[in-house]
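Fold and geometry: a report
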Amino acid sequence: MRTFSIILADDEQNILFGMQKGTNWEELGFIVAGTAQNGKEVLEMMDDLHPDLVISDIKMPFMDGLELAKTIHDNYMNTKVILFSGWDDFEYARLAISYGVSEYLMKPIDYDEMKKLLIDMHQALEEEYNEKINWTRLENAYFKSLPLLRQQFFTQLVLGTMELEECHQQIKNLGLELDNKQYCIIAVKIQKVDHKDVFSALSIKETLKEALDKISNVYEFGIGDKEIFLLTGDKKHEIGKISRSIQEAAIMITRIFGVHISCGMSENTNQLEDIPTIYIQAKDALEYNLVVPDESYTYYNDLMLQEEVETDWNTTVEQIGKTITYCTEEEMKKQVEELVNLLHQSHYNLNEYQMVIMEIAFAFSRFYKKYHIVSDSEFEGSKKMAVTILSLTSGEELDQWLLDYCQLIRLLVQKKRVDNNVILVGNTKKIVEENFSDPDLSVESVCDALHVSTSHFSKIFKQETGRTFMNYMIAKRMEEAKKLLLQTNYKSLVIGEMVGYPEPNYFSYVFKKNCGISPAKYRKQNDEK
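Right, let's walk through the structure included here.

Here is what the cut-offs are and how they apply
Residues numbered from 1 in each chain as written. Predicted model: local features only at pLDDT ≥ 70, side-chain atom pairs only at ≥ 80, totals over all residues. Heavy atoms only, no water. Helix = DSSP H or I, 4+ residues; strand = E, 2+ residues; numbered from the N terminus. Buried < 20%, exposed > 50% of the residue type's maximum accessible area, 1.4 Å probe, protein only. Areas by Shrake-Rupley, 256 points an atom, 1.4 Å probe, with all protein chains shown as cover. Expected span 1.5 Å × (residues − 1). Salt bridge = Lys/Arg side-chain N within 4 Å of Asp/Glu carboxyl O. Contact = heavy atoms within 4.5 Å. Disulfide = S-S within 2.5 Å. Patch = residues over 30% accessible without salt bridge, like charges linked within 9 Å, V, L, I, M, F, W, Y side chains within 5 Å. Lys, Arg positive; Asp, Glu negative; His and termini not counted. Charge placed at Lys NZ, Arg CZ, Asp CG, Glu CD. Phe/Tyr/Trp six-rings, centres within 6.5 Å; stacked < 30°, edge-to-face > 60°. Lys NZ or Arg CZ within 6 Å of the ring centre and 35° of its normal. Core = buried A, V, L, I, M, F, W, Y, C linked by side-chain atoms within 4.5 Å. Pairing = 2+ DSSP bridges. Axes fitted to C-alpha atoms, helices over the stretch in contact; angles between N-to-C directions. Parallel < 35°, antiparallel > 145°, perpendicular 65-115°, else oblique. Left-handed = near helix turned anticlockwise from the far one by under 90°. Nonpolar A, V, L, I, M, F, W, Y, C, P; charged D, E, K, R; others polar.

Re the overall build of the protein
- Check the secondary structure of the protein and you find 25 helices and ten strands.
- Among the 529 residues that make up the protein, the fraction classed as buried is 46%.
- Total accessible area on the protein stands at roughly 28400 Å², and carbon and sulfur atoms take up 49% of it.

Put into C-alpha cells, the structure is as follows:
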C-alpha cells in the first residue's frame, strides 16, 4: 500500500490537534507532512512538500479555504482538496465543486465518517497512480498514437521544408486545428530512461501532455531523441502557466518513474511560417537546460538576458594537478565539484559543454605522459575519449564522467608514485649493499647514481623506510662490522676500513655511539660467551 502525504489546515489549534492525533493516519495509508493555521501557510509549504491531499477548514484568516482550493486547483494539479465548514451554505459547496474540491464536510467532524472518507480517498489516489503505470492503458495509448502521416507533417512543419500553401492543405486534410492560432513550442528530452521499456517512456510523455493539455491545445511528436510539444490557442500563451505545468509534471515523473526531464521553451508567435524559428529557439533552450542541474526547463528569452561570463578553468585544473599526487578521493571530488560549478556559470549549451569537458580531459591527460602511465582504460586515447564525451547527452552525465576521469588519474598517478618509490628505495639498498665499504658513499653519490635530486630522494627514502639514508647506511656498516668482529681476527682499524671508516678513532666513536660499547669490548664480551 502506498503512503500519501497530507497537509492539515485549521485556524483553531484544538481542532487541528484533534485531527492530527485523533486519526491513525499510518493505518489508512497517509502521513501528515505539515499543519497550518491559514491558507497562506499552506501555500508556503506546497512547493517543498507537494502533498497528495490538503484537508482544510473554509473559515480561516489571511486566506480562507475556498481561495486556497482555487489556488491549488490552478497551480498544483496533483493535489486533491477536502474542505470542511461549520456553515451549511449552498454557495460554499457550489464554489468548492467549481474549484475541484474532492469532498465537502460539515463540522463538527465525525471521525468515523472522516475515516471512511479517507479510505475512499486513498483508493482514488491509488487508482490514479496505478492508471499511470497500467500496462493495458499504455498499450492502448501506444497503438492509438499519432499516425505516420501526422508525424511526417509535423516534422516537415518545424523543419521548414514545406511550402505555406501545401502546409495549409495538409492541415485541412489531417483535420488539425492550426490555422490562425498562437503558437509556442516545447522541446523535451527524457534523461536516463530504459529505451527497451516502451510503455514507461510513453507514459512519461503522456504525463507531460496531460499537464499541458489543461492550459492549451497540444500536439506531440518526436524528432530524433527529442519530444516536441506544439502548443496552439486563440490567446497568447502565458509562460508562467506553461512553466508551472512543466514543473508539476516533472515532479510527478520523477516520483513515479525516477527519471528527469529537460525542457526548452520558445517564444510565442501568431505566424504559422514562424514555427521553424520557434522550433530552433526551443532546441537552443533545451541544449542549455541539458547542462543546468536540477532545472526542469529553460525559457529561450531568459538566455538573451544572461550575461556572458568568462571563466578561466585553467587555473583550477592547474591546482588539481598540483594536488593529484597526494589528495584523497573526497578531496579530489570537492575540487572537481568546484571546477564544475565554475563551468556552469558560463551558461554553455550541451555542444559547447562537451567541447569544454573534452579540453579539460586533454589537459589532464598530460599526466599519462608525465608519470609514464600505461592503461587499457576507456579513458586513455584521445579518439576513444572524444567518442565517449560526445556520446554523453546531459550536463549531469558529463560532470560525472569528468569526476570519474579525475579519480582514475589520481589513483593511477598515486599508484605509479608508490611503485616508483619502492623501486627507488630498492635500488638505494642495493647500492648500499654493494658499496658500504666505500668511505665516499653519501646521499649525493647515491642521488647521482639514481639521477634524482637530494631533497626528493631524502623525502621518499624516509617516507618508505622510516629513517634517513645516513642512519640506514650507518646501521648497515655497524651490522657488517659486528659480523667481522665475531667471525675474524682482524684488528679494529682493519675492520673499520672494511666498512667505510678509514680513520680508526672515528670508527670506534661511531661504533660506540650506535652499539653502546667499543669494538674491542664487543669482541671480548662475545669471546667470553
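Concerning helix α11 (residues 239-257)
- Between its first and last C-alpha, α11 extends 26 Å over 19 residues, near the 27 Å set by a 1.5 Å rise per residue.
- By the burial criterion, the buried members of α11 are I242, S243, S245, I246, E248, A249, A250, M252, I253 and F257.
- Positive phi appears at G258, one or two residues downstream of α11, with a value of about 70°.

A few points about the pattern of salt bridges
- All told, the structure shown has 16 salt bridges when counted by the stated rule.
- We note a salt bridge from K483 to E480, for which the minimum N-O separation is 3.7 Å. Of the two residues, K483 and E480 both sit in helix α22 (residues 469-487), three residues apart, roughly one turn of that helix.
- Residue class for K483 comes out partly exposed when judged on its relative accessible area of 36%.
- Taking the relative accessible area as the measure of exposure, E480 reaches 14% and is therefore buried.

Re the side chain of K476
- As for its position among the elements, K476 is in helix α22.
- Residue contacts for K476: discarding those within four places in its chain leaves V432, E433 and F436.

A word on the state of the cysteines
- Applying the stated criterion to the full structure yields zero disulfides.
- The cysteine C327 is free of any disulfide, with C406 supplying the nearest cysteine sulfur at 9.4 Å.
- For C327, a relative accessible area of 2% corresponds to the buried category.

Structural notes on a negative patch on the surface
- A contiguous patch of negative charge, built from E329, E330, E331, E337 and E338, is present on the exposed surface.
- Checked against the element boundaries, E330 lands in helix α15 (residues 329-344).

Details of the packing of aromatic side chains
- Throughout the structure, instances matching the rule amount to 16 aromatic pairs.
- Site record: aromatic cluster; members linked through ring pairs are Y501, Y506, F507, Y509, F511 and Y522.
- Between R477 and the ring centre of Y501, over which it is positioned, the NZ or CZ distance is 5.1 Å.

Remarks on the nonpolar core
- L178 and L230 are the most contacted members of the largest nonpolar core, which has 57 residues in total.
- The contacts of L178, once residues within four sequence positions are left out, are F153, F154, L157, I171, Y183, Y219, L230, T232 and L272.
- Judged by nonpolar contacts, the second largest core, of 29 residues, contains V446, F457, F461 and Y501.

What to know about the sheet that holds strand β4 (residues 80-85)
- Taken together, the five strands give an open sheet; going across it, the order is β2-β1-β3-β4-β5, and neighbouring strands pair in parallel fashion. Each having just a single partner strand, β2 (30-36) and β5 (103-106) make up the two edges of the open sheet. Sheet twist, expressed as the average angle between the axes of neighbouring strands with direction ignored, equals 20°.
- The pairing of strand β1 (residues 4-9) with β2 spans six bridges and is classified as parallel. Its bridge partner lying in β2, A9 is registered against A36.

Points about a nonpolar patch on the surface
- A cluster of nonpolar side chains, namely Y490, L493, V494 and M498, defines an oily patch on the protein surface of about 330 Å² accessible area.
- With respect to the helices and strands, the residue M498 is situated in helix α23 (residues 492-498).

Details of unusual backbone geometry
- Although it is not a glycine, F62 sits at a positive phi angle of roughly 70°.
- Assignment of secondary structure puts F62 in the loop between β3 (53-57) and α4 (65-75).

Overview of the sheet that holds strand β10 (residues 297-299)
- Spatially, five strands are ordered β7-β8-β6-β9-β10 in an open sheet, and the strand pairing comes out mixed. Two strands in the sheet have a free side with no partner beyond their single neighbour: β7 (217-223) and β10. When the angles between neighbouring strand axes are averaged without regard to direction, this sheet yields 20°.
- Bridge analysis of strand β9 (residues 260-265) against β10 gives three bridges, and the strand direction is parallel. Paired with G264 across the two strands is T298, which belongs to β10.
- Against the sheet, helix α8 (residues 148-159) touches β6 (182-191), β7 and β8 (226-233), its axis set at about 90° to β7.
- Most of the contacts of helix α12 (residues 275-289) go to β6, to which it runs at about 35°, and overall it touches β6, β7, β8, β9 and β10.

As for the packing of helix α3 (residues 39-49) against α4
- Where α3 meets α4, the closest approach of the two axes is 9 Å, and the angle between their N-to-C directions is 20°. In this view, α3 runs roughly parallel relative to α4, as classed from their interaxial angle. Helix-helix and strand crossings are classified by hand; for α3 and α4 the assignment is right-handed. Across the interface between the two elements, G39, V42, L43 and M46 from α3 touch L68, T71 and I72 from α4.
- Taken together, the residues that form the contact of α3 with α4 break down as five nonpolar, two polar and no charged.

Considering the environment of G395
- The residue G395 is located in helix α19 (residues 395-435) in this model.
- Residues G395 and V292 lie 103 residues apart in sequence; the distance between their C-alpha atoms is 6.4 Å.

Things to note about the environment of T161
- Along the chain, T161 falls in the loop between α8 and α9 (164-173).
- Each C-alpha atom of the pair T161 and P276 lies 9.1 Å from the other, and the pair is 115 residues apart in sequence.

Some points on the packing of α8 against α12
- One can describe the packing of α8 onto α12 by two numbers: an axis separation of 6 Å at closest approach and a directional angle of 85°. With respect to their mutual orientation, α8 and α12 come out roughly perpendicular. Together, L157, V158 and L159 of α8 and I275, P276 and Y279 of α12 make up the contact between the two elements.
- Here the contact of α8 with α12 is composed, by residue class, of six nonpolar, no polar and no charged.

Some details on the environment of D527
- The residue D527 is located in helix α25 (residues 519-528) in this model.
- Judged by its relative accessible area of 59%, D527 is exposed.
- Taking the C-alpha atoms as reference points, D527 and L486, separated by 41 residues in sequence, lie 8.0 Å from one another.

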